[in-house]
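In case you want the letters, here they are:
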Amino acid sequence: MMSTPGLLSAFRRTALVLALVTGTMPAFAQESANQSAATRIASNQAGGEVVLIPSRVIYPGETINLAALKQVTLVVGKHKPEAVATRAEELDGKVAKRTLLPGRYIPSAAIREAWLVEQGASVQIFFIAGGLTISATAVTLQPGAAGDLVKVRNIDSGKILSGTVMADGTIQVSAS
């Protein structure tokens, strides 16, 4: 004959499998999901780590917003793997580089900053040396976020230059 703890464990496993298939949450899991913030903080101090995971499929190129994520508490003693993004500041406003599945950790390598300049966009480029400033118009040959090194083609000369994307969307080129 089976013992009661074995039956309970089998019941919980079955309920979780059904929850994954149907997309619902079993009652014993809902209790932990409906905890107050004070209770969650207290339980975190007791052991479980809180992480954010997708609540729906997030497709490549899609901007991640907090509405597409859900907060879960890890089982006491279980820790998140290395190189995964799990906090709001790491994820909000970032862009998915690949498909992110619900209920899975989000690898840091699977997200990127939003592009500040798109490929093919017309941008102002600046060369600054001491008191001398030269500006021109160029077309970006690749997209980039603030701080990225991108290649641009000067519209007037056709010359290809490399420059750093600035926070205002301009590109600062250097002498090469």
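Residues numbered from 1 in each chain as written. Predicted model: local features only at pLDDT ≥ 70, side-chain atom pairs only at ≥ 80, totals over all residues. Heavy atoms only, no water.

Concerning the overall build of the protein
Within the protein, the secondary structure is distributed over 4 helices and 11 strands. For the protein, with 176 residues in total, the buried portion stands at 25%. Of the contacts made within the protein by residues no fewer than 6 positions apart, 41% connect residues no fewer than 24 positions apart. As presented, the protein carries roughly 11300 Å² of accessible surface, and 58% of it is formed by carbon and sulfur atoms. (Helix = DSSP H or I, 4+ residues; strand = E, 2+ residues; numbered from the N terminus. Buried < 20%, exposed > 50% of the residue type's maximum accessible area, 1.4 Å probe, protein only. Contact = heavy atoms within 4.5 Å. Areas by Shrake-Rupley, 256 points an atom, 1.4 Å probe, with all protein chains shown as cover.)

Some words on the layout of surface pockets
A probe as big as a water molecule, rolled over the atoms, marks out the empty space that is left. Computed from the structure, the second largest pocket encloses a volume of approximately 210 Å³. Lining the second largest pocket are 14 residues, and of these Ile125, Phe127, Asn154, Leu161 and Val173 sit closest to its centre. For the lining of the second largest pocket, the secondary structure elements donating two or more residues are strand 7 (122-129) and strand 8 (132-140). For the lining of the second largest pocket, the residue count by class is 8 nonpolar, 5 polar and 1 charged. (1 Å grid on protein atoms, 1.4 Å probe; cavity = no way out; pocket = protein on both sides within 12 Å on 5 of 7 lines; lining within 4 Å. Points joined across faces, edges and corners; volume = space filled by probe spheres on them. Nonpolar A, V, L, I, M, F, W, Y, C, P; charged D, E, K, R; others polar.)

Topic: the packing of aromatic side chains
Counted under the stated rule, the structure contains 0 aromatic pairs. One residue, Arg112, lies across the ring of Trp115, its end atom 3.9 Å from the ring centre. (Phe/Tyr/Trp six-rings, centres within 6.5 Å; stacked < 30°, edge-to-face > 60°. Lys NZ or Arg CZ within 6 Å of the ring centre and 35° of its normal.)

So, the nonpolar core
Formed by Leu52, Ile58, Ile64, Ala68, Leu69, Ala85, Leu91, Ala96, Leu100, Ile106, Ala110 and Ile111, the largest nonpolar core amounts to 12 residues. Those residues in contact with Ile106, other than ones at most four positions away along the chain, are Pro54, Leu69, Val84, Ala85, Leu91, Leu100 and Ile111. Val117, Val123, Val165 and Ile171 belong to the second-largest nonpolar core, a separate cluster that totals 11 residues. (Core = buried A, V, L, I, M, F, W, Y, C linked by side-chain atoms within 4.5 Å.)

Observations regarding the environment of Arg56
Counting through the fold element by element, Arg56 comes out in the loop between strand 1 (50-54) and strand 2 (69-73). Between the alpha carbons of Arg56 and Leu101 there is a distance of 6.7 Å; along the sequence they are 45 residues apart. Excluding residues within four positions of it along the chain, Arg56 makes contact with Glu62, Ala68, Leu100 and Pro102.

Description of the confidence of the model for the protein
The predicted model of the protein has a mean per-residue pLDDT of 79, with 72% of residues at 70 or higher. No element of the protein has a lower mean pLDDT than helix 3 (residues 37-46), at 39, and none a higher one than strand 9 (residues 149-154), at 96. (pLDDT = per-residue confidence, 0-100.)

Some words on the sheet that holds strand 11 (residues 171-173)
One closed barrel holds the 5 strands; their spatial order is 7-8-9-10-11, and the pairing between them is mixed. Each strand of the sheet is rotated relative to its neighbour by a mean of 50°, with strand direction disregarded. Bridging between strand 7 and strand 8 involves 8 bridges; their strand directions are antiparallel. Looking at the pairing, Ala129 lines up with Leu132 of strand 8. (Pairing = 2+ DSSP bridges. Axes fitted to C-alpha atoms, helices over the stretch in contact; angles between N-to-C directions.)

Topic: the pairing of strand 9
Note on strand geometry: in a regular strand, side chains alternate between the two faces of the sheet. Side-chain alternation along strand 9 places Val150, Val152 and Asn154 on a buried face and Leu149, Lys151 and Arg153 on a face that remains uncovered. Sheet topology places strand 8 next to strand 9; 3 bridges connect them, and they run antiparallel. Residue pairing for strand 9: Ala138 is matched across the bridge by Asn154. Inspection of the sheet shows strand 9 paired to strand 10 (residues 160-165) by 5 bridges, in the antiparallel sense. If you follow Val152 over to strand 10, its bridge partner there is Leu161. Where strand 9 hands over to strand 10, the hairpin turn is made up of 5 residues, of which Gly158 adopts a positive phi near 80°.

Side note on the side chain of Thr170
Among the structural elements, Thr170 can be located in the loop between strand 10 and strand 11. According to the relative accessible area criterion, Thr170 is buried, its value standing at 15%. One polar contact links Thr170 to Asp168, side chain to side chain, over a distance of 2.7 Å. (Polar contact = N/O pair within 3.5 Å; in protein donor to acceptor, adjacent residues only side chain to side chain.)

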